[in-house]
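Descriptive analysis of the structure
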Amino acid sequence: MAKPAETRTAGRKPVTKATRSVAETEKIRAALVARRDELRAEYDQTLSEITELQRDRLTDSAGDDQADTGTKTFEREQEISLANSIRERITQVERALERLDEGGYGWCERCGDPIPVERLAAFPSATLCVKCKQLAERR
Ligand SMILES: [Zn+2]
């Protein structure tokens, strides 16, 4: 009558989530924090470039013709949209960190498998494991 302690589930995986080890969670956290810091540095860099472009525009615009002004405006707009997309990525990583604390981060939305730490480090906003992602792309 006593069931074996380890029941192997053939085929389909159980819906109940497995748990990650503390060490693994910490590894994910470290990767996310490193990514956030990296993005913040990139963001600061972009902001100072915007400030510089802005200053250039104000200081040496006297001799500029229409084309120069246009190019500078374009450059500045490019930098601003870059800054915005970095800002967006920082928010994603911050949300990921919050969800990690709640235990809701790093699981494949499709099959429920844990998403490998390496994948999460490279793509903090990943919600599918590589296998499911490939399946989704093939459709
Ligand atoms: Zn999956």
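Residues numbered from 1 in each chain as written. Predicted model: local features only at pLDDT ≥ 70, side-chain atom pairs only at ≥ 80, totals over all residues. Heavy atoms only, no water.

**Details of the coordination of the zinc ion**
The condition is simple: In this listing, donors mean N, O and S atoms no farther than 2.8 Å from the metal, or 3.2 Å for Na, K and Ca; water is missing from the atoms, so a site can look incomplete. All geometry calls rest on donor angles, where a four-donor set with angles between 85 and 135 degrees is tetrahedral, four- and six-donor sets with opposite donors more than 155 degrees apart and all others between 65 and 115 are square planar and octahedral, and all else is irregular.
At the metal site, the zinc ion is ligated by Cys108 (SG), Cys111 (SG), Cys129 (SG) and Cys132 (SG), and these contacts range over 2.3 Å. In this structure, the zinc ion is surrounded by four donor atoms whose angles at the metal cover 104 to 116°, and the resulting shape is tetrahedral. Considered as a linear motif, the donors of the zinc ion on their single chain read C-x2-C-x17-C-x2-C.

**Topic: the packing of aromatic side chains**
So the rule is basically this: Paired rings are identified among Phe, Tyr and Trp, the last through its six-membered ring, by centres lying within 6.5 Å, and are further divided according to the angle between planes into stacked (under 30 degrees), edge-to-face (over 60) and tilted (the rest). Lysine and arginine charges are scored as sitting over a ring when NZ or CZ, respectively, is within 6 Å of the ring centre and within 35 degrees of the ring normal.
Applying the stated criterion across every chain yields a total of zero aromatic pairs. The residue whose ring lies beneath Arg87 is Tyr43, and the NZ or CZ to ring-centre distance is 5.7 Å.

**Quick look at the UniProt feature "zinc finger region: dksA C4-type" (unreviewed entry) in the protein**
Definition in use: UniProt positions are given in the numbering used here, feature names are shortened, and annotations may be inferred rather than shown by experiment. We count a stretch as a helix when DSSP gives it H or I for four or more residues in a row; a strand needs E for two or more, and each element gets its number in order from the N terminus.
UniProt's entry tags residues 108–132 with the feature "zinc finger region: dksA C4-type" (unreviewed entry), counted in the numbering of this structure. In the segment residues 108–132, helix accounts for 36% and strand for 0%; the C-alpha atoms at its two ends are 8 Å apart.

**A word on the nonpolar core**
Keep this limit in mind: We call a set of buried residues a nonpolar core when its members are Ala, Val, Leu, Ile, Met, Phe, Trp, Tyr or Cys and they connect through side-chain atoms within 4.5 Å of each other. A simple rule labels every residue: compare its accessible area, found with a 1.4 Å probe on the protein chains alone, to the largest value its type can have, and call it buried under 20%, exposed over 50%, or partly exposed in between. It only takes one pair of heavy atoms within 4.5 Å for two residues to be counted as in contact.
In this structure, Ile28, Leu32, Tyr105 and Cys108 are the most contacted members of the largest nonpolar core, which totals 20 residues. At the level of elements, α1 (22–59), α2 (66–102) and α3 (117–122) are the ones that each hand at least two residues to this core. Ranked by residue count, the leading element in this core is α2, at seven residues. Leave out the neighbours within four places in its chain, and Leu32 touches Val93, Ala96, Leu97, Leu100, Tyr105 and Pro124.

**Focus: α1**
Using the following cut-off: The span expected for a helix works out to 1.5 Å for each residue beyond the first.
End to end, α1 covers 55 Å across 38 residues, agreeing with the expected 56 Å (1.5 Å per residue, within 8%). Here α1 has its buried residues at Thr25, Ile28, Ala31, Leu32, Arg35, Arg36, Leu39, Tyr43, Thr46, Ile50 and Leu53. As for α1, its buried residues are in contact with α2 and α3.

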